[in-house]
Amino acid sequence: AQSVTQPDARVTVSEGASLQLRCKYSYSGTPYLFWYVQYPRQGLQLLLKYYSGDPVVQGVNGFEAEFIKSNSSFHLRKASVHWSDSAVYFCAVSRSNNRIFFGDGTQLVVKP
Amino acid sequence: NSKVIQTPRYLVKGQGQKAKMRCIPEKGHPVVFWYQQNKNNEFKFLINFQNQEVLQQIDMTEKRFSAECPSNSPCSLEIQSSEAGDSALYLCASSLNRNTEVFFGKGTRLTVV
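Being a predicted model, the structure only gives us computed values, none of them experimental. (Residues numbered from 1 in each chain as written. Chains lettered and ligands numbered in written order. Predicted model: local features only at pLDDT ≥ 70, side-chain atom pairs only at ≥ 80, totals over all residues. Heavy atoms only, no water.)

## Quick notes on the interface of chain A and chain B
Part 1 of the argument: With 21 residues of chain A in contact, the opposing surface of chain B contributes 25 residues.
Part 2 of the argument: For the pair chain A and chain B, the summed buried area comes to about 1,900 Å², and 48% of that belongs to carbon and sulfur atoms.
Part 3 of the argument: Linking chain A to chain B there are one salt bridge.
Part 4 of the argument: The closest approach of N and O atoms between K49 of chain A and E101 of chain B, which form a salt bridge, is 3.0 Å.
Part 5 of the argument: Here chain A is connected to chain B by six residue pairs in polar contact (both at pLDDT 80 or more). (Contact = heavy atoms within 4.5 Å. Buried area = accessible area lost by both parts, 1.4 Å probe. Salt bridge = Lys/Arg side-chain N within 4 Å of Asp/Glu carboxyl O. Polar contact = N/O pair within 3.5 Å; in protein donor to acceptor, adjacent residues only side chain to side chain.)

So, in structure tokens, the structure goes:
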């Protein structure tokens, strides 16, 4: 069965610091992997996606993620966070039927 | 930026009332999804369509919800008799086909009082 685990419910970092949000998935075969961000009272916005090829994918606003198949991981990274990055981040997995399975999200708090 | 339009943004209903929300998928996207996001940020897949045909739906949707995506009209999701546990953010999403990126709307936040 497909599942996504985001082990950190909440992460607090200082503005300007680097960031890693963890994600591990369980999926038979090679999945499509996504990171979405949700700002307060908003829907989901796609940050980046991995379908195949280069395991390091670049997204919007300086975010990137690395697909490590041996570890079943797809951690999200950013070199220097800004206060406006405060939001909830969701890791997700799907395959050709498009049905997306989400993790429980990580609340990111960026302190000034 | 997503062009999936959901209305209304907020909906308040009493228990037992019908609750209906609408979604206009991105132009040219025949695949439409509905998800429920509860207050704990847990997502539940409800149903998806390709054009007017239902592809998949969960048992809850089959029994208490009705959904459709008629041609040339907004898609809709309706709860026949609202329950307190239905209070959630309902997200509509669309995609070009079953192998491409999915775009989400801003959601309809339903509160059942």
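## Some thoughts on the nonpolar core
Part 1 of the argument: Counting 40 residues, the largest nonpolar core has Y36 and F102 of chain A together with W34, Y90 and F104 of chain B as its most contacted members.
Part 2 of the argument: Top contributing element to this core by residue count: strand 9 (residues 88-95) of chain B, with six residues.
Part 3 of the argument: Those residues in contact with Y36 of chain A that sit more than four places away from it in its chain are L44, Q45, L46, L47, V88, Y89, F90, A92, I100 and F102 of chain A together with V102 and F104 of chain B.
Part 4 of the argument: Residues V13, Y27, L48 and C91 of chain A belong to the second largest nonpolar core, which totals 27 residues. (Core = buried A, V, L, I, M, F, W, Y, C linked by side-chain atoms within 4.5 Å. Buried < 20%, exposed > 50% of the residue type's maximum accessible area, 1.4 Å probe, protein only. Helix = DSSP H or I, 4+ residues; strand = E, 2+ residues; numbered from the N terminus.)

## Some remarks on the side chain of Q36 of chain B
All names here are of chain B.
Part 1 of the argument: Looking at the secondary structure, you find Q36 in strand 4 (residues 31-37).
Part 2 of the argument: Overall, Q36 belongs to the buried group, its relative accessible area being 7%.
Part 3 of the argument: Excluding residues within four positions of it along the chain, Q36 makes contact with E42, F43, K44, L46, M60, G85, D86, A88, L89 and Y90.

## Here we look at unusual backbone geometry
Leaving glycine aside, a negative phi is the common case for residues, and trans is the common case for peptide bonds.
Part 1 of the argument: Here the amide bond leading from T7 of chain B into P8 of chain B is cis, since omega sits at -10 degrees, within 30 degrees of zero.
Part 2 of the argument: For P8 of chain B, the position within the fold is in the loop between strand 1 (5-7) and strand 2 (10-13).
Part 3 of the argument: One non-glycine residue, S72 of chain A, adopts positive backbone phi at about 50 degrees.
Part 4 of the argument: Judged by its relative accessible area of 25%, S72 of chain A is partly exposed.

## Here we look at the sheet that holds strand 1 of chain B
All names here are of chain B.
Part 1 of the argument: Strand order across the open sheet formed by four strands is 1-3-8-7, with antiparallel pairing between neighbours. Because the sheet does not close on itself, it has two edges, and the strands there are strand 1 and strand 7 (65-68). In this sheet, adjacent strand axes meet at a mean angle of 15 degrees when their direction is disregarded.
Part 2 of the argument: Pairing of strand 7 with strand 8 (residues 75-79), which is carried by four bridges, proceeds in the antiparallel orientation. Each residue of the ladder has a partner; that of E68, found in strand 8, is S76. (Pairing = 2+ DSSP bridges. Axes fitted to C-alpha atoms, helices over the stretch in contact; angles between N-to-C directions.)

## Here's the deal with the state of the cysteines
Part 1 of the argument: Enumeration over the complete set of coordinates arrives at three disulfides over all chains.
Part 2 of the argument: Disulfide pairing is shown between C23 of chain A and C91 of chain A; the S-S distance is 1.9 Å. Between C23 of chain A and C91 of chain A the disulfide shows an S-S torsion of about -65 degrees. By sign, it is left-handed. Of the two residues, C23 of chain A sits in the loop between strand 3 (19-21) and strand 4 (24-26) while C91 of chain A sits in strand 10 (residues 87-94), which places them 68 residues apart along the sequence. Summarising the burial analysis for this pair, C23 of chain A and C91 of chain A share the class buried.
Part 3 of the argument: One disulfide in the model links C69 of chain B with C75 of chain B; its S-S distance is 2.0 Å. (Disulfide = S-S within 2.5 Å.)

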